[in-house]
Amino acid sequence: MKKTTGSLPSLFSAAFLFLVLVLLILAPFSQAQSTESGISPKVRAIHDSAIVVDTHADTPQRFLDEGFDIGSTDPHDTGHISLDKAKAGNLGAEFFSIWVDPDTNQGHFARHTFDLIDSVYEQAARHPDRMMMAFSVADIERAHREHKLAALMGIEGGHSIENDMHLLRDYYRLGVRYMTLSWSNTNEFADSSGDIDDPKVQHHNGLTDFGKQVVLEMNRLGMMVDISHVSDKTFWDAIATTKAPVIASHSSARALTNHPRNMTDDMLRAVSKNGGVVDVNFFSAFDDEDFRKAVEAQKKDVDAAVKAKQEKLKAEGKTPTYLDTDGIEREWMAKIPRPPLKALIDHIDHIAKVAGVDHVGLGSDFDGVSGATPQGIDSAADLPKITQALLERGYSAEDIHKILGGNLLRVFGEVEKVSREMRAGN
Ligand SMILES: [Zn+2]
């Protein structure tokens with residue numbers, strides 16, 4: 001800033017006049033556009049001046065299994081993320097989820113992890129003018145300046161490291177910047193909320209000693225510790241162990257929707273104290289109690305339909321993929337009425353009130369919820385509607401910017417700082 005102060009004032013005012021002229025010329029057009037989408041110019045201005053960061057999308061399953069190209073312009077594609085959709089919603093950075101299905105990848109978790117990581121790099125390589133790999137806060141800011149989507153990666157499920165610290169470090173070197181300590185399956189070092197009541201699963205009462213070493217090594221590397229999906233005890237063990245702020249990459253509030261994947265108010269306050277951020281999941285079953293109950297009620301039927309399909313594929317000599325399952329789950333999800341957008345906003349609001357506005361963000365779970373998002377949220381292009389709803393609830397532009405991505409960038413920066421300190425101390 002100091003470098004430019006006082007230099008070329010006439011050029012500056014000429015540029016300003018030019019900008020005003022351009023805005024005046026464009027005003028009627030943007031007005032027409034905003035009426036169409038229901039987004040006012042004021043909302044658009046607040047939204048478009050933010051660095052919007054989403055911490056969880058399952059699109060890599062599509063890259064790998066479906067050969068989906070993120071540059072797709074297919075108007076009939078029901079996916080949540082494409083470069084066009086990201087641009088329309090001013091999505092600045094996406095953490096692509098590296099999720100290895102533990103059932104269908106027995107014996108080669110690491111190989112499938114590498115395949116998914118590769119699929120993200122390949123997309124960025126195909127679209128260098130609109131997308132770039134990003135590994136740091138500075139990279140996200142650079143992508144924003146260059147009007148490109150910053151592509152980051154988070155591993156969803158500690159089973160990917162195969163109990164091997166060397167693999168964890170290799171994933172960091174390849175660019176992975178968060179890891180969810182467990183997915184829905186309890187692994188050998190962390191209990192999951194997904195099977196905590198299943199007596200057939202061997203549990204550890206939270207994190208094992210090795211699990212705690214994993215957390216500390218993630219701190220040292222500069223990989224964010226993600227506590228979405230973990231059991232309550234694993235959460236408390238992670239909080240007690242970590243030297244850096246944690247994230248919940250895609251979790252909502254249990255006080256509003258009583259799902260074990262969501263966080264209790266005590267947990268929200270603990271994340272606040274820890275300096276971390278809880279990124280709200282857009283999945284209707286995590287954001288709306290009626291939807292959650294309806295999903296629970298049809299679970300047996302859906303599981304049976306999925307199992308039948310998987311067995312049919314196996315009999316044909318094929319390996320069932322996430323997309324095979326997703327197709328069936330989409331049909332069933334579509335039977336349940338979608339909750340209003342208010343459901344999602346209520347969760348953001350609740351977390352902002354309990355943990356503080358500095359500790360809430362967005363973790364859409366796009367392309368991972370079988371199409372079950374609230375009304376109005378059909379893809380990343382609809383993100384400005386969240387800004388509109390928050391503004392209507394009285395949130396300031398400054399607070400909205402924190403929620404849209406500022407909080408995550410702060411936490412990511414803190415995690416980078418702790419890493420530098422721990423590495424220097426070695
Ligand atoms: Zn998940």
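Residues numbered from 1 in each chain as written. Predicted model: local features only at pLDDT ≥ 70, side-chain atom pairs only at ≥ 80, totals over all residues. Heavy atoms only, no water.

K.L.:
Which parts of the structure should I look at to understand the overall build of the protein chain?
P.N.:
Of regular secondary structure, the protein chain possesses 16 helices and nine strands. In terms of overall size, the protein chain behaves like a compact globule, its C-alpha atoms giving a radius of gyration of 22 Å where 426 residues would be expected to give roughly 22 Å. Across the protein chain, contacts joining residues at least 24 apart in sequence account for 73% of those joining residues at least 6 apart. Where the 46 positive side-chain charges of the protein chain centre and where its 63 negative ones centre are 4 Å apart. (Helix = DSSP H or I, 4+ residues; strand = E, 2+ residues; numbered from the N terminus. Rg over C-alpha atoms; globule rule 2.2 N^0.38 Å. Contact = heavy atoms within 4.5 Å. Lys, Arg positive; Asp, Glu negative; His and termini not counted. Charge placed at Lys NZ, Arg CZ, Asp CG, Glu CD.)

K.L.:
Looking at this structure, I do not really get the pairing of strand β8 (residues 277-280). What am I missing?
P.N.:
The side chains of a regular strand alternate between the sheet's two faces. Burial of the side chains of β8 extends over both faces: Val277 and Asp279 are buried on one face and Val278 and Val280 on the other. Note: strand β7 (residues 247-248) against β8, two bridges, orientation parallel. From the neighbouring strand, Ala248 faces β8, where its bridge partner is Val278. Handedness of the crossover joining β7 and β8 through helix α10 (residues 265-274): right-handed. When β8 meets strand β9 (residues 360-362), the two strands line up parallel, connected through three bridges. Considered in β9, the bridge of Val278 is made with Val360. (Buried < 20%, exposed > 50% of the residue type's maximum accessible area, 1.4 Å probe, protein only. Pairing = 2+ DSSP bridges. Right-handed = clockwise from strand over helix to strand, strands pointing away.)

K.L.:
I'm lost on the nonpolar core in this one. Help?
P.N.:
Within soluble globular proteins, side chains that are nonpolar tend to cluster in buried spots. By size, the foremost hydrophobic cluster in this structure holds 81 residues, and its most contacted members are Leu181, Ile227 and Ile386. Counting 23 residues, the second-largest nonpolar core is a separate cluster that includes Val137, Ala143, Tyr178 and Val415. (Core = buried A, V, L, I, M, F, W, Y, C linked by side-chain atoms within 4.5 Å.)

K.L.:
Explanation requested: the coordination of the zinc ion in the structure shown.
P.N.:
When four donors bind a metal tetrahedrally, each ideal donor-metal-donor angle is 109.5 degrees, and when six bind octahedrally, the ideal angles are 90 or 180 degrees. Those protein atoms acting as donors to the zinc ion are Glu156 (OE), His229 (NE2) and His250 (NE2), and they sit at 1.9 to 2.2 Å. The sequence pattern describing where the donors of the zinc ion fall on their chain is E-x72-H-x20-H. Taken as a pair, Glu156 in strand β4 (residues 149-156) and His250 in the loop between β7 and α10 lie far apart in primary sequence, 94 residues in all. As far as burial versus exposure is concerned, Glu156 and His250 are alike and both buried. (Donors = N, O, S within 2.8 Å, 3.2 Å for Na, K, Ca; no water.)

K.L.:
What exactly am I supposed to notice about the environment of Ala352 here?
P.N.:
For Ala352, the location among the structural elements is in helix α14 (residues 341-354). A sequence separation of 257 residues divides Ala352 from Phe95, and the C-alpha atoms of the two residues are 22 Å apart. For Ala352, the residues in contact, after removing those within four places along its chain, are Val357, Val360 and Tyr395.

K.L.:
Teacher, can you tell me more about the packing of aromatic side chains here?
P.N.:
Tallied over the entire structure, the rule returns 11 aromatic pairs. Taking 4.9 Å as the distance between ring centres and 85° as the angle between the ring planes, the aromatic pair formed by Phe235 and Trp236 counts as edge-to-face. On the numbers, 5.4 Å between centres and 90° between planes, the contact of Phe282 with Phe366 is edge-to-face. With Phe282 in the loop between β8 and α11 (284-287) and Phe366 in the loop between β9 and α15 (384-392), the pair connects residues that are 84 residues apart, well separated along the chain. For Phe366, a relative accessible area of 1% puts it in the buried group. Among the aromatic side chains, those forming a connected cluster through ring pairs are Phe63, Phe68 and Phe96. Over the ring of Tyr172 we find Arg177; its NZ or CZ atom is 3.8 Å from the centre of that ring. Stacked on the ring of Trp332, the Lys or Arg Lys335 has its end atom at 4.5 Å from the ring centre. (Phe/Tyr/Trp six-rings, centres within 6.5 Å; stacked < 30°, edge-to-face > 60°. Lys NZ or Arg CZ within 6 Å of the ring centre and 35° of its normal.)

K.L.:
Hey, could you run me through the pattern of salt bridges in this one?
P.N.:
Pairs may arise between side chains of opposite charge once their charged atoms sit close together. Under the defined criterion, the tally for this structure stands at 30 salt bridges. As a salt-bridge pair, Asp232 and Arg254 come within 2.8 Å of each other at their nearest N and O atoms. Note that Asp232 is positioned in helix α9 (residues 232-241) and Arg254 in the loop between β7 and α10, a separation of 22 residues in sequence. Take Asp232: its relative accessible area is 31%, and that puts it in the partly exposed class. Of the charged contacts, one joins Lys233 and Asp237 as a salt bridge, the two residues approaching to 2.9 Å between their closest N and O atoms. (Salt bridge = Lys/Arg side-chain N within 4 Å of Asp/Glu carboxyl O.)

K.L.:
Help me understand the side chain of Asp367, please; the structure alone is not making it clear to me.
P.N.:
Relative to the elements of secondary structure, Asp367 occurs in the loop between β9 and α15. One buried charge, Asp367, has no salt-bridge partner; the nearest side chain with opposite charge is Arg62, at 4.6 Å. Within the local environment of Asp367, its side chain forms a polar contact with the backbone nitrogen of His80, the two atoms lying 2.7 Å apart. Once residues within four sequence positions are removed from consideration, Asp367 is found in contact with Asp58, Thr59, Arg62, Gly79, His80, Ile81 and Tyr322. (Polar contact = N/O pair within 3.5 Å; in protein donor to acceptor, adjacent residues only side chain to side chain.)

K.L.:
Sorry if this is basic, but what is going on with the environment of His250 here?
P.N.:
The buried category is assigned to His250, whose relative accessible area is 0%. When near neighbours in sequence (up to four residues on either side) are disregarded, His250 contacts His56, Glu156, Ser228, His229, Arg261, Asp279, Asn281, Gly363 and Asp365. Of note is the side chain of His250, whose polar atom sits 2.9 Å from the side chain of Glu156.

K.L.:
Looking at this structure, I do not really get helix α13 (residues 322-333). What am I missing?
P.N.:
Residues separated by three or four positions in an α-helix point in the same direction, a consequence of the helix having 3.6 residues per turn. Along its 12 residues, α13 runs 16 Å from first to last C-alpha, staying within 8% of the 16 Å computed at 1.5 Å per residue. When α13 is considered as a whole, its buried residues turn out to be Tyr322, Thr325, Asp326, Ile328 and Met333. Seen end-on, α13 carries its buried residues on one side only, within an arc spanning 165°. Elements that come into contact with the buried residues of α13 comprise α3 (59-66) and α12 (289-315). (Expected span 1.5 Å × (residues − 1). Arc of directions from axis to C-beta.)

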